[in-house]
Amino acid sequence: MTMQFGFPVLTTLIFLPLMAAGVLLFVRQERTMRLLTMVVGVLECLLCLRLFSYSPHGAAFQFVEKVNWVPALGMSYHLGLDGLSLYMVLLTALMLPLCVLGSWTYISTRIKEFHFCLLLMTSACIGVFAALDFVLFYVFWEAMLVPMYLLIAVWGGPRRRYASIKFFLYTLAGSTLLLAAIVAFRQVGGSFSIPELLEKSYSFKFQIWAFVAMALAFAIKVPMFPFHTWLPAAHVEAPAAGSVLLAAILLKMGTYGFLRFCLPLTPAASVVAAPVMIALSIASIIYGGCIALGQTDIKKLIAYSSVGHMGFVTLGIFLFSVSGISGAILQMLNHGITTGGLFMMVGLLYERSHSREILDNQGLGKHMPAFMFLLGLFSFSSLAFPGTNSFVGEILVLVGAFKGSVWIGFLAVPGAMLAAAYMLRLLQRVTWGAPTSFKPSWWDLKPREWATLLPLAVLVFYIGLAPSLAIKTIEPSIERVLTTMKSKNMAMGISEDRHLAQRLHLPALTVPGDRDPIQKERP
Amino acid sequence: MITTKLLPELWLLATISALFVASVSGRKRSVLSWLPVAAIIGVVITALSLGVRGEILFGAYRLDGLSQFFKLAIAAGFAIVAGIGAGKRDSEDFSPDYFMLLGISAWGLMLLASSVELITLYLALELSSYSLYALIPIRGKDRRAAEAGIKYIMFGSAVTAAALFGLSYIMAAKHTTYLAALASSSWSFSSAPLAVIGLTLFLAGFFYKLALFPFHFWCPDVYQGAKNETAAYVATIPKLGAVVVLVRLAALFTHGMEVTNLFAVLGALSMTGGNLAALVQRDLKRLLGYSSVAHAGYVMLGLAAGSAAGLTAASFYSLAYILMNLACFYVVCAISKDGENPTLDDLNGLYRRGPGLAMILAVAAFALVGLPPTAGFTGKLFLLSAAWDQGYHWFVIVAVLNTAISIYYYLGMVRHAYTGQSEAPALTVSKGYIAFGGVLAMVVLLVGILPAPLYDLAARAAAALHP
């Protein structure tokens with residue numbers, strides 16, 4: 001085992017929830033189950049404090065742990081963090097205790113199984129972001145589907161059967177080809193280890209196929225415009241905590257996949273595909289915004305706004321500039337915080353009104369001021385109001401977009417305006433609309449609910465006012481990705497003036513031929 | 001000493017003899033209490049003799065890594081089926097003769113695993129099949145079982161005839177029936193057309209056992225007609241026998257030969273056909289029948305690759321397959337009322353009626369899909385990477401797309417169990433039965449999380465075939 005630090009912090013982060021899930025099976029009291037999960041959540045957050053010792057200019061991957069897993073095939077249990085994944089792990093750890101708190105009264109049936117699923121989700125999500133072995137990544141990537149499916153299918157709304165199966169089929173169908181790509185990378189790259197694969201360069205033809213296989217999986221997870229239809233269904237039917245996890249963490253896996261795999265592993269294909277990806281991103285932004293404008297269901301509205309926001313993230317990624325990508329990563333983090341907060345609040349509202357329609361939840365401004373303050377805060381953050389976290393991310397992406405091409409910038413800006421339109425419409429109705437079903441028994445925020453939302457509210461301001469800390473941490477990693485891309489493409493002789501057909505015949509740098517050792521094995 | 005080397009076979013034979021004695025004596029009921037214990041001792045003995053090597057009967061019967069690996073799998077499968085049967089004490093059909101026939105079939109498969117000569121292979125195959133012909137119709141006075149039995153015999157005898165015919169061609173062309181001698185000669189169609197045709201026919205006998213397309217038509221009908229517990233056996237253990245022989249034969253070929261491509265094409269058709277047909281099934285056993293057709297196709301990935309890695313993967317996957325399929329049948333047997341065939345709707349509300357069973361079913365179903373972290377995933381990964389390394393790219397892509405098709409019906413089982421509503425009363429299943437199934441599910445997970453020891457075992461076995 002090789003480790004930079006004595007204490008295997010990532011392994012602990014992954015296995016602590018798993019072990020707690022095992023213990024949970026033997027707990028009988030409902031209160032104890034909630035408390036146990038809560039304690040695990042807090043412990044996870046405390047463990048994450050160690051991750052702040054990450055040094056931006058240090059090694060590419062830090063907190064590395066490596067143990068052989070299946071040596072015969074070169075699979076290893078290999079974990080590590082860099083700037084791309086660090087904040088995602090932190091966000092995941094933060095979401096666990098908040099979800100437990102947010103579901104304290106929301107979930108009243110099958111409590112043991114609910115917390116079991118939450119814990120499994122946390123392990124799998126941290127695993128996805130920390131894995132440095134392609135197979136290990138895939139294991140966590142798929143393992144997370146089952147608890148998420150159960151969260152929607154068992155605790156969801158009236159159409160949960162439809163929504164959960166759609167979610168499962170869509171995401172699994174997308175990622176089957178990813179498995180083929182992983183197997184293919186092992187053959188040409190000789191390893192499942194991501195750092196080793198990153199060092200090699202692959203032939204253009206191979207890159208195109210690998211890119212398509214990977215991008216399909218990631219685009220469905222994000223979800224990008226034509227593949228987004230599972231998201232509103234899943235969000236609307238999922239319980240509050242499920243929606244929070246879905247929005248805050250699951251969607252980020254797709255964009256993380258683009259950053260971690262597509263850009264550095266298939267740089268030439270990424271450059272070729274960039275116009276398409278940018279077009280799809282802009283389509284997501286505008287389409288998501290327009291559809292959100294017409295929703296009467298609050299959750300659906302936020303779900304479609306997610307499509308738009310994630311469009312900004314993919315747009316930032318495929319601009320291939322430092323500002324674009326750092327904006328994208330910030331936006332991933334921000335979307336997790338803001339939309340996580342919004343979904344949590346919709347959950348609280350649902351506990352009171354038992355409806356997610358805007359119409360049934362109107363006119364709360366006078367009666368629930370604290371609630372409306374926080375809803376307003378998250379809504380403003382969602383429309384990227386200056387001073388809140390999303391503003392920083394979105395402005396960076398837009399700066400990158402205008403740098404890339406003025407047209408891209410012009411096309412993306414209406415998305416930002418649409419966000420203001422649909423969020424303000426929601427806020428106006430809920431605050432000042434004529435109350436239709438308001439009852440005086442609807443209580444304002446309780447201490448537990450404050451505790452659920454306050455950490456997210458603090459982060460909204462913290463990142464909004466002092467974003468440089470986060471940006472400084474992630475920038476070196478982004479620069480590393482971009483230089484890898486550029487140097488590989490340069491070495492392959494890819495430049496703008498070559499046609500696609502010419503590129504297809506370009507040789508690769510270090511692609512092993514048919515006579516390579518890994519191919520030796522013949523019957 | 002030959003006796004100590006053959007201890008797994010001898011132990012099973014002794015168990016069969018004891019069952020025979022019990023069936024002719026009056027004490028029929030007590031069998032169920034000692035049989036699982038005897039079967040588990042058999043597993044331990046087989047595990048202990050994993051390292052045994054040797055050759056007897058003039059080289060026709062070889063004890064090598066492959067045979068011992070598969071004997072372990074067969075012994076484990078037999079123990080699980082015996083465990084399922086022992087959980088149903090009130091059924092009239094579980095007489096000692098029933099288990100004796102099961103045992104003889106398993107014994108024949110153990111012999112099959114060690115046979116390295118074509119006629120010995122044939123005899124062992126028939127030994128394991130004959131008792132199944134008798135087993136399948138045993139289901140009270142059920143007419144469907146009789147129909148299934150007739151179908152199995154008719155199909156089986158036709159295919160066996162074809163296999164024997166093929167055997168005669170091989171003997172005529174190669175003048176030997178020893179696999180070792182056959183391996184040293186060429187198997188390309190251009191140099192030995194007669195032998196290749198003969199071998200293809202001979203393989204049909206094993207494709208039939210494996211229920212590979214287009215030899216699969218018996219499979220759903222027989223599963224549906226046979227008793228649940230019989231179906232659990234027929235669906236799993238005989239496949240091991242087929243795989244071990246196919247692994248031995250696949251080592252004869254090199255990449256790109258006609259027979260190898262035949263493996264790949266049949267495999268692709270089998271997985272696609274099986275999965276598509278399974279989508280519309282309501283009867284759980286028919287569904288699992290078509291699913292086993294699809295899984296036979298997956299095994300072909302490794303056999304078509306033919307490399308040491310491919311054969312290892314095929315062996316590993318067949319073991320993983322019997323584990324997860326038995327776990328699935330375990331639940332099917334538990335939920336059926338009075339031994340009737342359960343349908344998907346019978347799974348409704350299982351998570352309320354029997355949470356333990358629902359959990360076992362979920363693990364088994366997700367393993368059959370190939371979701372990590374289960375044995376099904378690691379097995380499939382090994383198969384895919386072996387096939388890709390040998391250049392069967394199209395085959396790999398067909399296989400992964402098939403995963404996407406298959407998810408719907410496997411997930412359907414979980415969906416019915418976890419989200420279906422049912423007024424049916426809670427299932428009365430003994431704690432021991434649940435615990436046994438729980439162990440099975442844990443093994444499926446464990447093999448998925450830590451596959452290395454088992455993989456290395458299979459790899460050592462396969463390496464011996466590729467000197």
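Treat the numbers as computed from the prediction; the structure is a model and nothing was measured.

Explain the overall build of chain B here, please?
Scanning chain B from N- to C-terminus turns up 20 helices and two strands. Viewed in the frame of its principal axes, chain B has a C-alpha envelope of about 65 × 50 × 40 Å. Counting every position in chain B, which comprises 467 residues, the buried fraction comes to 66%. Of the contacts formed within chain B by residues at least 6 apart in sequence, a portion of 80% connects residues at least 24 apart.

Whenever I open this one, the overall build of chain A confuses me. Can you help?
Secondary structure summary: chain A contains 20 helices and three strands in total. For 523 residues, the compact-globule formula gives about 24 Å, and the C-alpha radius of gyration of chain A, at 23 Å, lands near that figure. Dimensions of chain A, computed from the C-alpha atoms along their principal axes, are close to 75 × 55 × 40 Å. Buried positions account for 65% of the 523 residues belonging to chain A. Restricting to contacts in chain A with at least 6 residues of sequence separation, those with at least 24 account for 82%. On chain A, roughly 17900 Å² of surface is accessible, and the fraction owed to carbon and sulfur atoms is 68%. Averaging the positions of the 37 positive and the 24 negative side-chain charges in chain A gives two centres separated by 4 Å.

So what exactly am I meant to see when it comes to the pairing of strand S3 (residues 75-81) of chain A here?
Residue and element names in this part refer to chain A. The buried fraction of S3 is high, at seven of seven residues. The alternating pattern of S3 places Met75, Tyr77, Leu79 and Leu81 on one face and Ser76, His78 and Gly80 on the opposite face, and all of these are buried. Turn length for the strand S2 (residues 62-70)-S3 hairpin, with the two strands adjacent in sequence and antiparallel, is four residues, and the turn residue Gly74 shows positive phi of about 75°.

Explain the packing of aromatic side chains to me, please; I cannot follow it from the model alone.
Aromatic rings considered in pairs are described by the distance between their centres and by the relative angle of their planes. Counting across every chain of the model gives 50 aromatic pairs over all chains. When the ring of Trp218 of chain B is compared with that of Tyr223 of chain B, the centres are 6.4 Å apart and the planes differ by 80°; the resulting orientation is edge-to-face. Each member of the pair, Trp218 of chain B together with Tyr223 of chain B, is buried. Within the aromatic cluster, the residues linked to one another by ring pairs are Phe134, Phe137, Trp141, Phe185, Tyr202, Phe206, Phe211, Phe218, Phe258, Phe261, Phe318 and Phe320 of chain A. Cation over ring: Lys221 of chain A sits above Trp141 of chain A, and NZ or CZ is 4.4 Å from the ring centre. It is Lys380 of chain B that lies over the ring of Tyr298 of chain B; its NZ or CZ is 4.2 Å from the centre.

Quick question: what am I supposed to make of the environment of His354 of chain A here?
Residue and element names in this part refer to chain A. Its location among the elements puts His354 in the loop between helix H14 (322-353) and helix H15 (369-382). Residue His354 is classed as exposed on the basis of its relative accessible area of 57%. Among the polar contacts listed, one links the side chain of His354 to the backbone oxygen of Glu351, at a separation of 3.4 Å.

What is the right way to read the nonpolar core from this model?
The nonpolar side chains of a soluble globular protein tend to be buried, and buried together. Core analysis: the biggest nonpolar cluster contains 398 residues, and Leu51 and Phe258 of chain A together with Phe263 of chain B have the highest contact counts within it. Top element by residues in this core is helix H14 (residues 308-335) of chain B. It accounts for 22 residues. With sequence-adjacent residues up to four places away left out, Leu51 of chain A is seen in contact with Val9, Leu10, Leu13, Phe63, Leu81, Leu86, Val89 and Leu90 of chain A.

Mind showing me how you'd approach the state of the cysteines here?
As used in these notes, a disulfide is a covalent bond between sulfur atoms, one from each of two cysteines. Residue and element names in this part refer to chain B. Using the criterion set out here, one finds zero disulfides over all chains in the structure. Just so you know, Cys219 is unpaired, no disulfide at all, and the nearest cysteine sulfur is the one on Cys328, 14 Å from it. Cys333 takes part in no disulfide bond, and the closest cysteine sulfur to it belongs to Cys328, at a distance of 10 Å. Judged by its relative accessible area of 0%, Cys333 falls in the buried class.

Sorry, what's going on with the interface of chain A and chain B here?
By a widespread convention, an interface's size corresponds to the accessible area lost as its parts come together. If you look at the interface, chain A gives 36 residues, while chain B gives 48 residues. Contact between chain A and chain B buries roughly 3700 Å² in total, counting both sides, with carbon and sulfur atoms accounting for 74%. Seen at the junction of chain A and chain B, the total is one salt bridge. Along the contact surface separating chain A from chain B lie four residue pairs in polar contact (both at pLDDT 80 or more). Going through the elements one at a time, S2, helix H5 (134-143), helix H6 (145-155) and helix H7 (160-189) of chain A are the ones with two or more residues in the side of chain A that touches chain B. Residue composition of the side of chain A that touches chain B, by class: 26 nonpolar, three polar and seven charged.

When you look at the pairing of S2 of chain A in this model, what are you seeing that I'm missing?
Within a regular strand, side chains alternate between the sheet's two faces. Looking at chain direction, S2 of chain A and S3 of chain A are connected through six bridges and run antiparallel. Residue pairing in the sheet places Asn68 of chain A in a bridge with Ser76 of chain A of S3 of chain A.

Looking at this structure, how should I read the layout of surface pockets?
With a probe scaled to a water molecule rolled over the atoms, the places where space remains empty come into view. The volume enclosed by the largest pocket comes to roughly 2000 Å³. Looking at the lining of the largest pocket, the elements that each hand over two or more residues are helix H1 (9-24), S2, helix H4 (111-130), H5 and H6 of chain A together with helix H16 (355-369) and helix H19 (431-449) of chain B. It is H16 of chain B that provides the largest number of residues to the lining of the largest pocket, a total of eight residues. Partitioning the lining of the largest pocket into residue classes produces 41 nonpolar, six polar and three charged.

Looking at this model, I keep getting lost on the packing of helix H13 (residues 298-317) of chain A against H14 of chain A. Mind explaining?
When two helices pack together, you describe them by how their axes are tilted relative to each other and by the distance separating the axes. Residue and element names in this part refer to chain A. In the contact formed by H13 and H14, the axes pass within 8 Å of each other and the chain directions differ by 170°. Here H13 lies roughly antiparallel to H14, going by the angle between them. In this structure, H13 contributes Ile298, Lys299, Ile302, Ala303, Ser306, His309, Met310, Phe312, Val313, Gly316 and Ile317 to the contact, and H14 contributes Gly324, Ile325, Ala328, Gln331, Met332, His335, Thr339, Leu342, Phe343, Val346 and Leu349. Its residues placed into classes, the contact of H13 with H14 shows 14 nonpolar, seven polar and one charged.

What should I look at first to understand helix H4 (residues 65-86) of chain B in this one?
What sets the pattern is the α-helix's 3.6 residues per turn: residues three or four places apart point alike. With 22 residues, H4 of chain B should reach 32 Å at 1.5 Å per residue; the first-to-last C-alpha distance of 31 Å fits that figure. Within H4 of chain B, 21 of the 22 residues are buried, leaving the element largely enclosed by the surrounding structure.

I tried to follow unusual backbone geometry on my own but got confused; where do I start?
Residues other than glycine predominantly adopt negative phi, and peptide bonds predominantly adopt the trans conformation. Backbone torsion omega between Val222 of chain A and Pro223 of chain A reads -15°, so that peptide bond is classified as cis. With omega at -5°, the peptide bond leading from Pro372 of chain B into Pro373 of chain B counts as cis. The residue Phe63 of chain A is not glycine, and still its phi comes out positive at about 55°. The exposure class assigned to Phe63 of chain A is buried, which follows from its relative accessible area of 4%. Of note in the backbone geometry, Phe320 of chain A takes a positive phi value of approximately 55° without being a glycine. In this structure Phe320 of chain A comes out as buried when scored by relative accessible area, which is 17%.

Got a minute to help me understand empty space enclosed by the protein in this structure?
Residues and elements named next belong to chain B. Here the structure, examined in full by the defined rule, presents five cavities of 30 Å³ or more. What lines the largest cavity is a set of 14 residues, and nearest its centre among them are Leu12, Gly42, Ala75, Phe78 and Met110. At the level of elements, helix H2 (7-24), helix H3 (31-48), H4 and helix H5 (96-114) are the ones that each hand at least two residues to the lining of the largest cavity. Broken down by element, the lining of the largest cavity gets its largest block of residues, five residues, from H3.

Even after reading the chapter, I still don't get the side chain of Gln331 of chain A, so can you show me in this structure?
Counting through the fold element by element, Gln331 of chain A comes out in helix H14. Setting aside anything within four residues of it in sequence, one finds Gln331 of chain A in contact with His309, Phe312, Val313, Ser390, Gly393 and Glu394 of chain A.

What's the story with the pattern of salt bridges in this structure? I'm lost.
Scanning the model with the defined rule gives 14 salt bridges over all chains in all. With its nearest N and O atoms 2.8 Å apart, the salt bridge here joins Arg260 of chain A to Asp82 of chain A. With Arg260 of chain A in helix H11 (residues 240-265) and Asp82 of chain A in the loop between S3 and helix H3 (83-102), the pair connects residues that are 178 residues apart, well separated along the chain. Arg260 of chain A gets classed as buried once you look at its relative accessible area, which sits at 3%. Between Glu449 of chain A and Arg448 of chain A there is a salt bridge; the shortest N-O distance is 3.8 Å. Here Glu449 of chain A matches Arg448 of chain A in class, with each residue buried. Each member of the salt-bridge network shares a partner with another, and the members are Glu147, Lys151, Asp221 and Arg286 of chain B.

Parameters and conventions
Each residue is numbered by its place in its chain's sequence as written, counting from 1. The order in which chains are written sets their letters, starting at A; the order in which ligands are written sets their numbers, starting at 1. Note on the predicted model: pLDDT of at least 70 is required for a residue's local features to be given, and 80 or more for side-chain atom pairs to be given and counted; whole-chain, interface and lining totals, by contrast, use all residues. As a rule here, side-chain values cover all heavy atoms of the structure and leave hydrogens and water aside. Each helix is a run of H or I in the DSSP string that is no shorter than four residues. Each strand is a run of E no shorter than two, and both are numbered from the N terminus. Only protein chains enter the calculation, and the probe is 1.4 Å; a residue is then buried if its accessible area is under 20% of its type maximum, exposed if over 50%, and partly exposed in between. In what follows, a contact means two residues having at least one pair of non-hydrogen atoms within 4.5 Å. Every radius of gyration here is taken over C-alpha atoms, with the globule rule written as 2.2 Å times N^0.38, N being the number of residues. Residue exposure ignores everything except the shown protein chains as possible cover, and the areas themselves are Shrake-Rupley values with a 1.4 Å probe. Here Asp and Glu are counted as negative and Lys and Arg as positive; His is not counted, and neither are the chain ends. Taken as the charge centre is NZ of Lys, CZ of Arg, CG of Asp or CD of Glu, depending on the residue. Paired strands, in this sense, are two strands between which DSSP finds at least two bridges. Stacked, edge-to-face and tilted are the three classes for Phe, Tyr and Trp ring pairs, Trp counted by its six-membered ring, which pair at centre distances within 6.5 Å; planes under 30 degrees apart are stacked, over 60 edge-to-face, the rest tilted. A ring is scored as having a charge over it whenever the NZ atom of a lysine or the CZ atom of an arginine sits within 6 Å of its centre and within 35 degrees of its normal. By the criterion applied in these results, polar contacts are pairs of N or O atoms within 3.5 Å in which, for protein atoms, one can donate a hydrogen and the other can accept it, and in which residues neighboring in sequence qualify only through two side-chain atoms. Here, the term nonpolar core denotes a set of buried Ala, Val, Leu, Ile, Met, Phe, Trp, Tyr and Cys residues that are joined through side-chain atoms within 4.5 Å. We call a pair of cysteine sulfur atoms a disulfide whenever their separation is within 2.5 Å. Put simply, buried area is the surface a 1.4 Å probe can reach on two separate parts but cannot reach once they are joined, added for both. Salt bridge, as applied in this entry: a Lys or Arg side-chain nitrogen positioned within 4 Å of an Asp or Glu carboxyl oxygen. Amino acids outside the nonpolar list (Ala, Val, Leu, Ile, Met, Phe, Trp, Tyr, Cys, Pro) and the charged list (Asp, Glu, Lys, Arg) are all regarded as polar, and Gly is one of them. Cavity means a closed set of points on a 1 Å grid over the protein atoms alone, one where a 1.4 Å probe fits but cannot get out, pocket means an open set with protein on both sides within 12 Å along at least 5 of 7 lines, and lining means a residue has an atom within 4 Å of a point. Grid points are joined across faces, edges and corners, and a volume is the space filled by probe spheres set on the points. Between N-to-C directions, angles cover 0 to 180 degrees, with each direction set by a line fitted to C-alpha atoms, over the stretch in contact for helices. We call two directions roughly parallel when the angle between them is under 35 degrees, roughly antiparallel when it is over 145, roughly perpendicular when it lies between 65 and 115, and oblique otherwise. Any helix carries an expected span of 1.5 Å times its number of residues minus one.

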